[in-house]
Amino acid sequence: TSAQISNHTKVCSSACVINFTMYVTDTSNNVKQNSTLVTVTDNVLPIVNTTFNTTTFNLYTVVNFSANITDETGLSTANITYNLSGILTKINFTVSGTSSNIYNVTALNTAGVFNFTAYVTDSSNNVKQNSTLITVIDNILPIVNTTFNITSPRKNDYINISANITDETGLS
């Protein structure tokens with residue numbers, strides 16, 4: 001004699017272990033058990049949405065780079081990384097729960113193209129990143145100071161002009 005049994009079980013919404021145990025009793029009251037463990041892994045990446053407090057990136061602007069991060073299971077760590085003037089900066093955050101907000105305030109002291117990246121790792125070691133390239137523009141005019149050797153020139157006089165020119169990023 002044989003029989004088939006079935007069960008419909010909704011799998012958990014995050015990582016978990018499910019124990020399926022079946023018992024059978026025959027007509028002589030002999031009981032047999034069979035258990036099977038099913039491990040459900042979390043392979044869902046966290047969500048990272050990044051923003052800046054401005055859309056204009058001029059020299060010496062102070063920017064706030066922020067990231068809203070979420071995960072259906074749980075957050076573990078987060079990181080903001082950027083490279084300005086050849087200096088790689090990494091700011092690490094410890095986060096918990098299923099949502100968090102991280103940020104970093106930075107002065108843009110050099111013109112150029114820079115990458116700001118937010119990384120997040122969830123409690124199942126799934127990693128997601130969001131990168132944004134910005135172009136920092138030098139919009140500051142050079143300073144020119146001039147002087148003349150005479151203030152009221154006359155016919156056939158020679159006029160000498162002297163100039164002092166400066167710029168915070170250099171002259172060409």
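Residues numbered from 1 in each chain as written. Predicted model: local features only at pLDDT ≥ 70, side-chain atom pairs only at ≥ 80, totals over all residues. Heavy atoms only, no water.

**Notes on the environment of isoleucine 102**
For step 1, the next point in the chain: Tracing the backbone shows isoleucine 102 in strand S7 (residues 99–107).
For step 2, the next point in the chain: Leave out the neighbours within four places in its chain, and isoleucine 102 touches Phe65, Ser66, Ala67, Ala78, Asn79, Ile80, Phe93 and Val95. (Helix = DSSP H or I, 4+ residues; strand = E, 2+ residues; numbered from the N terminus. Contact = heavy atoms within 4.5 Å.)

**Let's talk about the nonpolar core**
For step 1, the next point in the chain: Counting 23 residues, the largest nonpolar core has Ile69, Leu108, Phe116 and Ile134 as its most contacted members.
For step 2, the next point in the chain: Elements that contribute at least two residues to this core include exactly strand S3 (47–52), strand S4 (62–70), strand S5 (75–84), strand S8 (112–122) and strand S9 (127–136).
For step 3, the next point in the chain: At five residues, the largest contribution of residues to this core is made by S5.
For step 4, the next point in the chain: In contact with phenylalanine 116, not counting residues within four places along its chain, are Phe52, Phe65, Thr81, Tyr82, Thr106, Leu108, Asn130, Ser131, Thr132 and Ile134. (Core = buried A, V, L, I, M, F, W, Y, C linked by side-chain atoms within 4.5 Å. Buried < 20%, exposed > 50% of the residue type's maximum accessible area, 1.4 Å probe, protein only.)

**Quick notes on the pairing of S3**
For step 1, the next point in the chain: By the alternation rule, side chains of S3 split into Val48, Thr50 and Phe52, which are all buried, and Ile47, Asn49 and Thr51, of which none is buried.
For step 2, the next point in the chain: One ladder, built from six bridges, connects S3 with S4; its direction is antiparallel. Bridge assignment links threonine 50 to a residue of S4, and that residue is alanine 67. (Pairing = 2+ DSSP bridges.)

**Thoughts on the pairing of strand S1 (residues 16–25)**
For step 1, the next point in the chain: Bridge count between S1 and strand S2 (residues 31–40): ten bridges; the pairing is antiparallel. Along S2, the bridge assignment pairs threonine 21 with serine 35.
For step 2, the next point in the chain: Hairpin connection from S1 to S2: five residues lie between these consecutive antiparallel strands, with asparagine 29 at a positive phi of about 65 degrees.

**Topic: a nonpolar patch on the surface**
For step 1, the next point in the chain: A cluster of nonpolar residues, Val62, Tyr103 and Val105, forms a patch on the protein surface that exposes about 300 Å² of accessible area.
For step 2, the next point in the chain: Residue placement: tyrosine 103 occurs in strand S7.
For step 3, the next point in the chain: What makes tyrosine 103 exposed here is its relative accessible area of 52%. (Patch = residues over 30% accessible without salt bridge, like charges linked within 9 Å, V, L, I, M, F, W, Y side chains within 5 Å. Areas by Shrake-Rupley, 256 points an atom, 1.4 Å probe, with all protein chains shown as cover. Salt bridge = Lys/Arg side-chain N within 4 Å of Asp/Glu carboxyl O.)

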